[in-house]
Amino acid sequence: MASIRRTLSPYNDRSYPNGSSNPFSVQSPSQKLLSHGRTTFSPVRRFITGIFLQKHYSRKSNQFSWKKSLIRCFLFFFLGFLLGMAPFNNDFNELKQQDLRNRDFSFEMKPAVVNVEKNVGDLSFVERPKENDLMVDAVELGVVERSDRNEVKRILDFVPRKQLIVVTPTYNRALQAYYLNRLGQVLRLVRPPVLWIVVEMNAASMETAEILRNMGIMYRHLVCMKNSTDVKDRGVHQRNTAIEHIERHRLDGIVYFADDDNIYSLELFESIREISRFGTWPVGMLAQSKNKAILEGPVCNGSQVIGWHTNEKSKRLRRFHVDMSGFAFNSTILWDPKRWHRPTSDPIRQLDSVKEGFQETTFIEQIVEDESQMEGIPPGCYRIMNWHLHLEARELLYPKGWMLQNNLHVVTPSN
């Protein structure tokens, strides 16, 4: 019986255009790369290669794929952002400057080398290290003194200044606004803290209150309700009202009686801050006759009071020859008698039962016993820091609100 023998397929030895021995396998260039990448490429490189070599057209609709393009754009933007944020240049420069081939990486932060030098007015300045400076682990700050000890102590002394309590009795008259504004402008120039206590009789006027509000300093506006027709007694009662206020509220500071019609220097207010208990100084005065100037106050040897200036025979009987604006004292004497070892705890007040010109000495006798408890300001008492001038215009009437309702009697036409 004849046998039929099947031969091998004639296509086994044929080579196909795609390089495969299988006639039914079709591989594109991208698939060819991916197939080789399975054995030679890393997973990250295979992922990137797949993104770049994917087809731009979908199999179903043979149209451009916007979704894949947007994903690629977002990926490129993200990679560019990361590359832009990486400080390659600075890191490479640091690696070049620091020979890291023979060193280990260290995350320890070493302090910079600084040089500190103290000067008067300029406490310190810092010099940055140069490239060849030696790096150290510890820094010691040294202070080089370039001035005497007293000046350095003054610069570095941050002790708060004493408060000044300025008491001013006032009353309605033609020049009241001028006097209050002049004294207020001086107190504005004094370094704080400053408390201005202004005392009026019977009622607080709106004009005075407006001046105090616009002055820009700390103040208290008080009213003395005690009836008094005598000019001498009026000032005494007004000062006593301020003393009672200081005693009741236990205000701490240096009390100074400053009448509004006197003239003061800034040096006076800065000097009385150094008073510990009681301080006094000479005051220049204009005599009642207005034809000569007289001096009234202490004679000092340094800060020690050894005598008094006086020119009026009627006042030689006084114990202390001081003007009302020629002394200041610590306010704690009024409300803390144990601190100053006062023999009695009776309240300290000015007396209205004594003759005119003796109110000062009777008041000071309640504060100190003798000149040994006084301080002369400034040392030597060689300078006049305030003047007491009797320049009151008694013939002028006080206009309400300091405003003239009617025109003047004489009118001069302007050309």
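Residues numbered from 1 in each chain as written. Predicted model: local features only at pLDDT ≥ 70, side-chain atom pairs only at ≥ 80, totals over all residues. Heavy atoms only, no water.

## Re the overall build of the protein chain
Reasoning step 1: What the protein chain contains, in helices and strands, is 11 helices and 12 strands.
Reasoning step 2: Split into buried and exposed, the 415 residues of the protein chain put 34% on the buried side.
Reasoning step 3: For the protein chain, the exposed area adds up to about 29,400 Å²; of that, 55% sits on carbon and sulfur atoms. (Helix = DSSP H or I, 4+ residues; strand = E, 2+ residues; numbered from the N terminus. Buried < 20%, exposed > 50% of the residue type's maximum accessible area, 1.4 Å probe, protein only. Areas by Shrake-Rupley, 256 points an atom, 1.4 Å probe, with all protein chains shown as cover.)

## Concerning the UniProt feature "active site" (unreviewed entry) in the protein chain
Reasoning step 1: Mapped onto this numbering, the UniProt entry gives "active site" (unreviewed entry) at Glu360.
Reasoning step 2: In this structure, glutamate 360 sits in helix α11 (residues 359–364).
Reasoning step 3: Not counting the four nearest positions on each side in its chain, glutamate 360 is found in contact with Arg318, Val322, Asp323 and Met324. (UniProt positions renumbered as here; feature names shortened; annotations may be inferred. Contact = heavy atoms within 4.5 Å.)

## Some points on the UniProt feature "binding site: Mn(2+)" (unreviewed entry) in the protein chain
Reasoning step 1: Listed under "binding site: Mn(2+)" (unreviewed entry) in the UniProt record, and renumbered for this structure, are Asp261.
Reasoning step 2: With respect to the helices, strands and loops of the structure, aspartate 261 is situated in the loop between β4 (254–257) and β5 (263–264).

## Examining the nonpolar core
Reasoning step 1: Grouped together as the largest cluster of nonpolar side chains are 34 residues, with contacts concentrated most on Ile197, Phe257, Phe327 and Phe329.
Reasoning step 2: For this core, the leading source of residues is strand β2 (residues 194–201), giving four residues. (Core = buried A, V, L, I, M, F, W, Y, C linked by side-chain atoms within 4.5 Å.)

## Some words on the pairing of strand β10 (residues 327–330)
A regular strand places its side chains on the two faces of the sheet in alternate fashion.
Reasoning step 1: Where β4 meets β10, three bridges bridge the pair, whose relative direction is antiparallel. Bridge pairing in β10 places valine 255 opposite phenylalanine 329.
Reasoning step 2: Sheet analysis places strand β6 (residues 278–280) next to β10, joined by three bridges and oriented antiparallel. Within the sheet, the bridge partner assigned to phenylalanine 278 lies in β10 and is phenylalanine 329. (Pairing = 2+ DSSP bridges.)

## Re helix α3 (residues 66–85)
Every α-helix carries 3.6 residues per turn, so stepping three or four residues along brings you back to the same face.
Reasoning step 1: Helix length check: α3 (20 residues) gives 29 Å between terminal C-alpha atoms against 28 Å at 1.5 Å per residue, within 8%.
Reasoning step 2: Counting buried residues in α3 gives two out of 20 residues, a small share hidden from the surface. (Expected span 1.5 Å × (residues − 1).)

## Focus: the pattern of salt bridges
Reasoning step 1: By the definition in use, this model includes nine salt bridges.
Reasoning step 2: In this structure, arginine 173 engages aspartate 260 in a salt bridge whose closest nitrogen and oxygen atoms are separated by 2.8 Å. A residue pair is termed long-range when its members are at least 10 positions apart, and arginine 173 in the loop between β1 (164–169) and α6 (176–188) and aspartate 260 in the loop between β4 and β5 qualify at 87 residues.
Reasoning step 3: Judged by its relative accessible area of 3%, aspartate 260 falls in the buried class.
Reasoning step 4: When the shortest N-O distance is used, the salt bridge between glutamate 244 and arginine 349 registers 3.8 Å. With glutamate 244 in helix α8 (residues 231–249) and arginine 349 in the loop between α10 (332–335) and α11, this pair connects stretches of sequence that are 105 residues apart. (Salt bridge = Lys/Arg side-chain N within 4 Å of Asp/Glu carboxyl O.)

## Overview of a nonpolar patch on the surface
Reasoning step 1: A surface patch of nonpolar side chains, about 900 Å² in accessible area, is lined by Phe74, Phe76, Phe77, Phe78, Leu79, Phe81, Leu82 and Met85.
Reasoning step 2: Looking at the element boundaries, phenylalanine 77 is found in helix α3. (Patch = residues over 30% accessible without salt bridge, like charges linked within 9 Å, V, L, I, M, F, W, Y side chains within 5 Å.)

## Some remarks on the sheet that holds β4
Reasoning step 1: Here we have seven strands laid out as an open sheet, ordered β3-β2-β1-β4-β10-β6-β11, and mixed in their pairing. Of all the strands in the sheet, just β3 (218–224) and β11 (375–376) have a single pairing partner and so form its edges.
Reasoning step 2: One ladder, built from four bridges, connects β1 with β4; its direction is parallel. Bridge pairing in β4 links leucine 164 to isoleucine 254.
Reasoning step 3: On top of the sheet, α6 reaches β1 and β2; it is set at about 165° to β2, its chief contact. (Axes fitted to C-alpha atoms, helices over the stretch in contact; angles between N-to-C directions.)

## Some words on the side chain of histidine 237
Reasoning step 1: Mapping histidine 237 onto the fold places it in helix α8.
Reasoning step 2: Sequence-distant contacts of histidine 237, defined by excluding residues within four places in its chain, comprise Cys224, Lys226, Ser228 and Asp352.

## Some points on the environment of tyrosine 178
Reasoning step 1: Summarising the element assignment, tyrosine 178 is placed in helix α6.
Reasoning step 2: In this structure, the C-alpha to C-alpha distance between tyrosine 178 and aspartate 260, residues 82 residues apart in sequence, is 9.1 Å.

## As for the pairing of β3
Reasoning step 1: Where β2 lies against β3, seven bridges are found, and the strand directions are parallel. Residue pairing across strands places isoleucine 197 opposite arginine 220, the latter belonging to β3.
Reasoning step 2: A crossover links β2 with its parallel partner β3, the connecting element being helix α7 (residues 206–215), and its sense is right-handed. (Right-handed = clockwise from strand over helix to strand, strands pointing away.)

## A short note on the confidence of the model for the protein chain
Reasoning step 1: When pLDDT is averaged along the protein chain, the result is 76, and 60% of the positions lie at 70 or above.
Reasoning step 2: For the stretch residues 23–39, pLDDT sits under 50, and the model shows 10 contacts to residues farther than four places along the chain or on other chains.
Reasoning step 3: Confidence over residues 100–107 falls short of pLDDT 50; this stretch has two contacts with residues more than four positions distant or in other chains. (pLDDT = per-residue confidence, 0-100.)

## Structural notes on the state of the cysteines
Reasoning step 1: Per the stated rule, a full pass over the model turns up one disulfide.
Reasoning step 2: For cysteine 300, the disulfide goes to cysteine 381, at an S-S distance of 1.9 Å. Around the S-S axis, the bridge from cysteine 300 to cysteine 381 shows a dihedral of about -60° and counts as left-handed. Residue cysteine 300 is found in strand β8 (residues 293–301), and its partner cysteine 381 is found in the loop between β11 and β12 (386–388); the two are separated by 81 residues along the sequence. Cysteine 381 shares its class with cysteine 300; the two are buried. (Disulfide = S-S within 2.5 Å.)

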